[in-house]
Amino acid sequence: MAAADVATNKVLFTNDRSVVVLQATSAEAGQGQDILVVRLPGGEVSTIATRIYDSEWLVPGTSLLFKTVDKDLVLASLDGAEPRVLARGSYDHSLSPDRKRLYSFGECIHPPCALDAITIATGASTRLSKRAALTGPFGENVIVSPSGRFWAFTEESAGDGGISNPVLHIFDESGQDYAISSQSGVSYPVFVSDDLLIFL
């Protein structure tokens, strides 16, 4: 399949522009989209993934993170290594600033949902919550500090009359949970710095 035979929906470049990654739809694609890698200057085209909903760089020029039409999060390398599933059925996800940790919001149709922290290098997964709520001002599932040392999310809890009162949880790299249970009903937390988090 030539790159000219597809309708391109997203384009990603390596820094040196030697490789172009196309998220594209073709007549043969069926459900979802294909990921095509075009190597320059020769223009050789290869398909490295199919049935993709979205894609982004994990490490620019080296590896990509795909979300499939089945909502699985898949790591793929441009060196031809076998793609690796990091999370299944992910409703939403976030990446730490250093791109070493993935937060997957899944096992739900609507929030609250399960929230898992996944170490990308090993695939090791830790369940942070079974009742995580959409947390950030733009609907993020997790808010991460600028250095990636801390991350925070809100968890729904039963209040009077069964009303949900979100509680803020802040984790550090060791996995220590600093739950601020004295402040229920928290919404829209934002890290201003590693040492300062504000919320409503």
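Description of the structure in this document. (Residues numbered from 1 in each chain as written. Predicted model: local features only at pLDDT ≥ 70, side-chain atom pairs only at ≥ 80, totals over all residues. Heavy atoms only, no water.)

Of all six residues in strand E9 (residues 101–106), six are buried; the element is thus mostly enclosed. Looking at chain direction, strand E8 (residues 90–95) and E9 are connected through five bridges and run antiparallel. Paired with Ser 90 across the strands is Gly 106, a residue of E9. Between E8 and E9, which pair antiparallel one after the other, the connecting turn spans five residues, and Arg 99 there sits at a positive phi close to 65°. For E9 and strand E10 (residues 113–119), the ladder comprises six bridges, and the chain directions are antiparallel. (Buried < 20%, exposed > 50% of the residue type's maximum accessible area, 1.4 Å probe, protein only. Helix = DSSP H or I, 4+ residues; strand = E, 2+ residues; numbered from the N terminus. Pairing = 2+ DSSP bridges.)

Moving on, we get to the state of the cysteines. Simply put, the disulfide is a covalent bond whose two ends are the sulfur atoms of two cysteines. Going through the model one piece at a time under the given rule, you end up with one disulfide. Through a disulfide, Cys 108 is tied to Cys 113; the S-S separation comes to 2.0 Å. An S-S torsion of about 85° defines the bridge between Cys 108 and Cys 113 as right-handed. A relative accessible area of 0% places Cys 113 in the buried class. (Disulfide = S-S within 2.5 Å.)

On to a nonpolar patch on the surface. A contiguous nonpolar surface patch, about 310 Å² in accessible area, is contributed by Val 190, Val 192, Leu 196 and Ile 198. Relative to the assigned elements, Leu 196 resides in strand E17 (residues 196–198). (Patch = residues over 30% accessible without salt bridge, like charges linked within 9 Å, V, L, I, M, F, W, Y side chains within 5 Å. Areas by Shrake-Rupley, 256 points an atom, 1.4 Å probe, with all protein chains shown as cover. Salt bridge = Lys/Arg side-chain N within 4 Å of Asp/Glu carboxyl O.)

Think of a pair of aromatic rings as described by two things: how far the centres are apart, and how the planes are tilted against each other in angle. Counted according to the given criterion, the structure contains four aromatic pairs. A ring pair is formed by Trp 151 and Phe 171, whose centres lie 6.2 Å apart and whose planes are at 5°; its orientation type is stacked. Taken together, the residues span a long stretch of sequence, with Trp 151 in strand E13 (residues 150–155) and Phe 171 in strand E14 (residues 167–172) at a distance of 20 residues. Accessibility classification places Trp 151 together with Phe 171 in one group, the buried group. (Phe/Tyr/Trp six-rings, centres within 6.5 Å; stacked < 30°, edge-to-face > 60°.)

Now for the nonpolar core. Of all hydrophobic cores here, the largest spans 13 residues; its most connected members are Val 21, Ile 35, Trp 57, Leu 64, Phe 66 and Leu 78. For this core, the secondary structure elements donating two or more residues are strand E2 (19–25), strand E3 (33–39), strand E4 (44–59), strand E5 (63–68) and strand E6 (73–77). Per-element accounting of this core gives the leading share, three residues, to E4. With near-sequence residues (within four places) excluded, Val 21 lies in contact with Lys 10, Val 11, Leu 12, Ile 35, Leu 36, Val 37, Trp 57, Leu 64 and Leu 78. Of all hydrophobic cores here, the second largest spans twelve residues; its members include Phe 105, Leu 115, Ala 117 and Phe 171. (Core = buried A, V, L, I, M, F, W, Y, C linked by side-chain atoms within 4.5 Å. Contact = heavy atoms within 4.5 Å.)

All right, on to the environment of Ser 46 then. With respect to the helices, strands and loops of the structure, Ser 46 is situated in strand E4. When the C-alpha atoms of Ser 46 and Val 21 are compared, they prove to be 9.8 Å apart, with 25 residues separating the residues in sequence. If we skip the residues at most four places from it in the chain, Ser 46 touches Ile 35, Leu 36 and Val 37.

This part takes up the environment of Leu 102. One can find Leu 102 in strand E9. Of the residues examined, Leu 102 reaches a relative accessible area of 0% and is grouped as buried. Along the chain, Leu 102 and Thr 119 lie 17 residues apart, while their C-alpha atoms are 6.5 Å from each other. Ignoring anything within four residues of it in the chain, the contact list for Leu 102 reads Leu 65, Leu 73, Leu 86, His 93, Ser 94, Leu 95, Asp 116, Ala 117, Ile 118 and Ile 120.

The residue Lys 100 is located in the loop between E8 and E9 in this model. As a C-alpha pair, Lys 100 and Ala 121 span 21 residues in sequence and 7.0 Å in three-dimensional space. Not counting residues within four places of it along the chain, the set of residues in contact with Lys 100 comprises Ile 118, Thr 119 and Ile 120.

Purely spatial values, then, with no claim about function.
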